[in-house]
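A closer look at the structure
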Amino acid sequence: MPVRTSKIHEVPLGTKCPAFELETVDTKEIVTRDGLAKNSKNFKGICVMFLCNHCPIVGHIRSSLALLVEMYQEQGIAFVGIMPNE
């Protein structure tokens, strides 16, 4: 089943993540796809989340997201949160 990313673009589940470079908000460190894979214990995949720190819903689920990340990182899933408004 494809994941809908917009009205005109779908990415099938299991699609390999393209190479990327992102700057962290707090440390200004550059994070890459390959770096996440290399630094993740038992790497199995990457979860990319598009979030807005001004959104009240994101604020409401922040603690639940932290628990989700903690639980799945132990299973080899790396996480990237992208805030397009920052």
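Please refer to the structure placed before this passage.
Read on for a plain summary of the structure. Numbers given to residues run from 1 along each chain, matching the order in which its sequence is written. In keeping with the predicted nature of the model, local features appear solely for residues at pLDDT of at least 70, side-chain atom pairs appear and are counted solely at 80 or more, and the whole-chain, interface and lining totals rest on all residues. Only hydrogens and water are removed before side-chain values are computed, so all heavy atoms of the structure are retained for them.

Some details on the overall build of the chain
Secondary structure counts use DSSP, requiring at least four H or I residues in a row for a helix and at least two E residues in a row for a strand, with both numbered from the N terminus. Helices and strands together make up the secondary structure of the chain, namely 2 helices and 6 strands. Start at the N end of the chain and walk to the C end: the helices and strands fall as β-β-β-β-α-β-α-β. Three labels apply to residues, based on accessible area from a 1.4 Å probe with only protein chains included: buried if under 20% of the type maximum, exposed if over 50%, partly exposed otherwise in between. Per-residue burial over the chain gives 15% buried out of 86 residues. Contact between two residues is taken to exist if any of their heavy atoms lie within 4.5 Å; hydrogens are not considered. Excluding contacts between residues fewer than 6 apart, the proportion of contacts in the chain whose partners are at least 24 apart in sequence is 52%. The Shrake-Rupley method, run with a 1.4 Å probe sphere, supplies the accessible areas, and residue values consider only the shown protein chains as cover. Surface accessibility of the chain: about 7000 Å² in total, with carbon and sulfur atoms responsible for 60%.

Re the pairing of strand E5 (residues 45–50)
The side chains of a regular strand alternate between both faces of the sheet. Strand direction decides the pairing type here: E5 and strand E6 (residues 77–82), joined by 6 bridges, are parallel. The residue of E6 that forms the bridge with Val48 is Val80. The parallel pair E5 and E6, bridged by helix H2 (residues 56–73), forms a crossover whose chirality is right-handed. Pairing between strands requires that DSSP locate at least two bridges from one strand to the other. Whether a crossover is right-handed depends on one test, that the path from the first strand over the helix to the second runs clockwise when the strands point away from the viewer.

Considerations on the pattern of salt bridges
Take a side-chain nitrogen of Lys or Arg and a carboxyl oxygen of Asp or Glu: if they are within 4 Å of each other, that pair is a salt bridge. Summed over the entire model, instances satisfying the criterion amount to 2 salt bridges. Close ionic contact of Glu23 with Lys28 constitutes a salt bridge, the shortest N to O distance being 3.9 Å. Across the pair, Lys28 and Glu23 agree in class, each one exposed.

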